[in-house]
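Below, each chain spelled out in residue letters.
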Amino acid sequence: MAHLKPNSIIGILGGGQLGRMTAIAAAQLGYKVHVYTCEEESPTAHIAYKTTVADYLDEESLEQFAKEVALVSFEFENIPYKTLEILEKYTKVAPSSKIIKICQNRLREKDFINSQGIKTAPYMVVSNKKDLEKAIAKIAVPCVLKTSEMGYDGKGQVKIDAKDQISDISIEQECVLEGFVEFTKEISVIVARNEQGEIKAYHPVENIHKNHILDETIAPAIISPKLELEAVEIAIELAKGLELIGVLAVEMFVTKDGLLVNELAPRPHNSGHYTIDACVTSQFEQFVRAICGLPLGSVNQHTKAVMKNLIGEEVNDIEKYIAEPDAKIHLYGKTHARKGRKMGHVTRLNA
Ligand code: AMP
């Protein structure tokens, strides 16, 4: 495939910070971003060449959008599947709707991971209380009940420590019950693949969560070379298995018995933000390269880094970071510092 010519327009669904940082990287490579979002005011719109504000199921707006862009990608995976099917009628969508279908549903995602011979925590589908009782009997406590769809940053999740908690739980949608994993570390690997089949994976990084939200990423993760290799191999296998065109983040638990995959995200990921300042090619540039058919850039990390998310009121700590010469600050242009909202991040180099 010939790669996309400079000045072409890339369509991005979703107007959050991931779209914003993608639009910056796209601009550097000479592309323009047309963002499609349902929000009037969005971080990506501040940077984008053009913005469409419309519902994700508004067929007329989707058709118009698809006809104005060279290809469509997305910056979050909870887009209605139907949206991508509509867009695919008019233009190229990468990663494909097939990948979204797998990654936006925890059950399909875990089934897929296991089908590739890669391990996850034990899990069972739960659609009602009876299923829950059966699943707890099999998986045992402690365990975690998660909604199959629309869960992120710990939303739609409940930890079950004792069987008598069942009476307090109401099940309103399909869920997955999974065994609670006694992990020693949480790590992730970001892998990119383009249409030509070229694949590159960044080194694993360690992720530290606070209140279920990513707080810090330590890059690179301090793990054995053997685990590092295994983690990268898992990410590459999954990218190949999905026939990915784009980037994929693979979140894993390090346990005493090896690695278990927790979750996949077929888009740039919060744990890859450090790549902007610490790697030869940022995950956002790599994403643009992958979807536009360009050769992938080097994933080499030239500087050690710790990325700290600025969540809610933490954005006020900016004064402190601004005085640090090796701290690289990224704010997302959001005006209201609501609790749990990702307002920006700081990458501390050589930390
Ligand atoms: P998730 O939304 O699945 O990424 O979960 C958010 C966070 O909750 C993870 O990063 C873990 O810190 C924790 N968590 C999720 N699932 C499990 C599990 N099965 N065992 C232990 N901790 C978990």
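Here is a short report on the structure shown in this document. This one's a predicted model, so the numbers in the text were calculated from it and none came from an experiment.

## Describing the overall build of the chain
- Along the backbone of the chain there are 10 helices and 18 strands.
- Relative to the globule expectation of 20 Å for 351 residues, the C-alpha radius of gyration of the chain, 20 Å, shows essentially globular dimensions.
- Across its three principal axes, the chain shows a C-alpha extent of roughly 60 × 50 × 40 Å.
- For the chain, long-range pairs separated by at least 24 residues make up 62% of all intrachain contacts whose partners lie at least 6 apart in sequence.
- Between the mean site of the 41 positive side-chain charges and the mean site of the 48 negative ones, the chain shows a separation of 2 Å.

## A word on the environment of cysteine 175
- Mapping cysteine 175 onto the fold places it in strand E9 (residues 175-179).
- Looking at cysteine 175, the relative accessible area reads 5%, which means it is buried.
- Remark: the alpha-carbon pair of cysteine 175 and threonine 147, spanning 28 residues in sequence, is separated by 4.1 Å.
- Here cysteine 175 is in contact with Met124, Val125, Val126, Leu145, Lys146, Thr147 and Ser148, once residues within four sequence places are set aside.

## A closer look at the pattern of salt bridges
- Within this structure, the stated rule accounts for 19 salt bridges.
- As a salt-bridge pair, glutamate 178 and lysine 110 come within 2.7 Å of each other at their nearest N and O atoms. Pair noted here: glutamate 178 is in strand E9 and lysine 110 is in helix H5 (residues 106-115), with a separation of 68 residues, a long-range link.
- The class of glutamate 178 is buried, set by a relative accessible area of 3%.
- Judged by its relative accessible area of 2%, lysine 110 falls in the buried class.

## What about the nonpolar core?
- Grouped together as the largest cluster of nonpolar side chains are 35 residues, with contacts concentrated most on Ile10, Tyr31, Val33, Tyr274, Ile291 and Cys292.
- Secondary structure elements with two or more residues in this core: strand E1 (9-13), helix H1 (17-28), strand E2 (32-37), strand E10 (185-193), strand E13 (213-219), strand E14 (246-255), helix H9 (283-291) and strand E16 (305-311).
- Looking at which element gives the most residues to this core, the answer is H9, with 4 residues.
- Of the residues that make up this core, three or more belong to each of domain 1 (9-93) and domain 3 (185-349).
- With sequence-adjacent residues up to four places away left out, isoleucine 10 is seen in contact with Leu4, Ala26, Tyr31, Lys32, Val33, His34, Val69, Leu71, Val288, Ile291 and Cys292.
- With 28 residues, the next largest nonpolar core counts Phe112, Leu227, Ala231 and Leu238 among its residues.

## Things to note about empty space enclosed by the protein
- Counted by the stated rule, this structure contains 1 cavity of 30 Å³ or more.
- Those elements that provide at least two residues to the lining of the largest cavity are E10, strand E12 (205-210) and E14.
- Per-element accounting of the lining of the largest cavity gives the leading share, 3 residues, to E14.
- Looking at side-chain class alone, the lining of the largest cavity contains 3 nonpolar, 3 polar and 2 charged residues.

The rules we used
Residues numbered from 1 in each chain as written. Predicted model: local features only at pLDDT ≥ 70, side-chain atom pairs only at ≥ 80, totals over all residues. Heavy atoms only, no water. Helix = DSSP H or I, 4+ residues; strand = E, 2+ residues; numbered from the N terminus. Rg over C-alpha atoms; globule rule 2.2 N^0.38 Å. Contact = heavy atoms within 4.5 Å. Lys, Arg positive; Asp, Glu negative; His and termini not counted. Charge placed at Lys NZ, Arg CZ, Asp CG, Glu CD. Buried < 20%, exposed > 50% of the residue type's maximum accessible area, 1.4 Å probe, protein only. Salt bridge = Lys/Arg side-chain N within 4 Å of Asp/Glu carboxyl O. Core = buried A, V, L, I, M, F, W, Y, C linked by side-chain atoms within 4.5 Å. Domains from an automatic or database assignment. 1 Å grid on protein atoms, 1.4 Å probe; cavity = no way out; pocket = protein on both sides within 12 Å on 5 of 7 lines; lining within 4 Å. Points joined across faces, edges and corners; volume = space filled by probe spheres on them. Nonpolar A, V, L, I, M, F, W, Y, C, P; charged D, E, K, R; others polar.

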